[in-house]
Amino acid sequence: MPKIEIACFNPVSAIIAFENGADRIEFCDGLNQGGTTPNFETTKQIRGKINIPIFVMIRPRGGDFTYSDEEFLQMKSDVIQLKSLQVDGFVFGILDENNEVNILQNKELVDLAKPYPCTFHRAFDRAVDLENTLEKVIDCGFKTILTSGQKPNVSEGKENLKKLIELSNKRIEILVGGGLRSTNIEEIRAFTKAEYFHSSAITDGDFANADEVAALKYCLLK
């Protein structure tokens, strides 16, 4: 059964996504930074109102995905604190100075997050190699990769997305996202054979659009 995850940058969007058919929510702050770690109390409030899975972003700032020792300590602290809310998973990704997967730091966070699963986010699309990066992320223990196929959006990256799904051979879930809308989700699904999709469903402003969430879901149920 194909599923849709909605990236929500505020509580309003999370409720809209929940009420209009989202299968999972990626909850974060920092819309203009591409997603950062949300506030603890805000996450706690959302957890109390929503009974579908919530994966929480762990990212101390926007920009690149190479973090200082202080930033990495903050990421570990955030994982420990947010685990107490019984969220359903975490979303992060750390690269080294050469834009390769930082295996040690990612493994440490994945282990710290247990028993909750982790998604390697679109830091994957900044990495230097498709196949080697896939294998490294799998080795780190991630359950999912959020990616547009190392291209600016899913339409440009559909060839790589198809390749990733074939290479992964069900060892890890490929979550297709980046410029995904109800207008292209059917084409992308047919081409890539993906089963899990990711969108902010923002058509204007700062909030998820209820009609767009519903349309994304409808397209997957056809």
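Look a little higher up for the structure.
These numbers were taken from a predicted model, which means no experiment stands behind them. (Residues numbered from 1 in each chain as written. Predicted model: local features only at pLDDT ≥ 70, side-chain atom pairs only at ≥ 80, totals over all residues. Heavy atoms only, no water.)

A.B. asks: When you look at the environment of I103 in this model, what are you seeing that I'm missing?
C.D. replies: Turning to its location among the elements, I103 is positioned in helix α4 (residues 103–113). Given a relative accessible area of 34%, I103 falls into the partly exposed group. Taking the C-alpha atoms as reference points, I103 and K151, 48 residues apart in sequence, are found 23 Å from one another. Discounting residues that sit within four places of it in the chain, I103 has contacts with K136 and C140. (Helix = DSSP H or I, 4+ residues; strand = E, 2+ residues; numbered from the N terminus. Buried < 20%, exposed > 50% of the residue type's maximum accessible area, 1.4 Å probe, protein only. Contact = heavy atoms within 4.5 Å.)

A.B. asks: Mind showing me how you'd approach the pairing of strand β1 (residues 3–8) here?
C.D. replies: One face of the sheet, then the other: side chains in a regular strand alternate in exactly this way. Burial analysis of β1 places five of its six residues in the buried class, the great majority of the element. Pairing of β1 with strand β8 (residues 196–199) involves four bridges; the strand directions are parallel. Paired with E5 across the bridge in β8 is H198. Pairing of β1 with strand β2 (residues 24–27), which is carried by four bridges, proceeds in the parallel orientation. Bridge pairing links I6 to I25 in β2. Traced from β1 through helix α1 (residues 11–19) to β2, the parallel crossover comes out right-handed. (Pairing = 2+ DSSP bridges. Right-handed = clockwise from strand over helix to strand, strands pointing away.)

A.B. asks: Whenever I open this one, α1 confuses me. Can you help?
C.D. replies: Each α-helix turn comprises 3.6 residues. Residues three or four places apart therefore point the same way. What α1 keeps buried is the set S13, A14, I16 and A17. Viewed along the axis of α1, the buried residues span an arc of 165°, placing them on a single side of the element. Looking at the buried side of α1, the elements it contacts are β1, β2, α2 (40–49) and α8 (210–221). Backbone geometry just after α1 places G21 at a positive phi near 105°. (Arc of directions from axis to C-beta.)

A.B. asks: Would you take a moment to explain the pairing of strand β7 (residues 173–177) for this structure?
C.D. replies: The element β7 is largely enclosed, with a buried count of four among its five residues. For the segment spanning strand β6 (residues 144–147), helix α6 (residues 158–168) and β7, crossover handedness is right-handed. In terms of strand pairing, β7 meets β8 through three bridges, oriented parallel. Across the sheet, G177 pairs through a bridge with H198, a residue of β8.

A.B. asks: Sorry, what's going on with the packing of aromatic side chains here?
C.D. replies: The tally for this structure, following the rule as stated, stands at three aromatic pairs. Through successive ring pairs, a cluster of aromatic residues spans F92, F120 and F142. The aromatic ring of F55 is capped on one face by R24, whose charged end is 4.1 Å from the ring centroid. Directly above the ring of F191 sits K162, whose terminal nitrogen or CZ lies 5.1 Å from the centroid. (Phe/Tyr/Trp six-rings, centres within 6.5 Å; stacked < 30°, edge-to-face > 60°. Lys NZ or Arg CZ within 6 Å of the ring centre and 35° of its normal.)

A.B. asks: Would you explain the environment of N39 in this entry?
C.D. replies: The residue N39 is located in the loop between β2 and α2 in this model. We classify N39 as partly exposed; its relative accessible area is 43%.

A.B. asks: Even after reading the chapter, I still don't get the nonpolar core, so can you show me in this structure?
C.D. replies: Across soluble globular proteins, nonpolar side chains have a tendency to be buried as a group. Residues I6, F90, F92, F120, F142 and F197 are the most contacted members of the largest nonpolar core, which totals 61 residues. At five residues, the largest contribution of residues to this core is made by helix α5 (residues 130–140). (Core = buried A, V, L, I, M, F, W, Y, C linked by side-chain atoms within 4.5 Å.)

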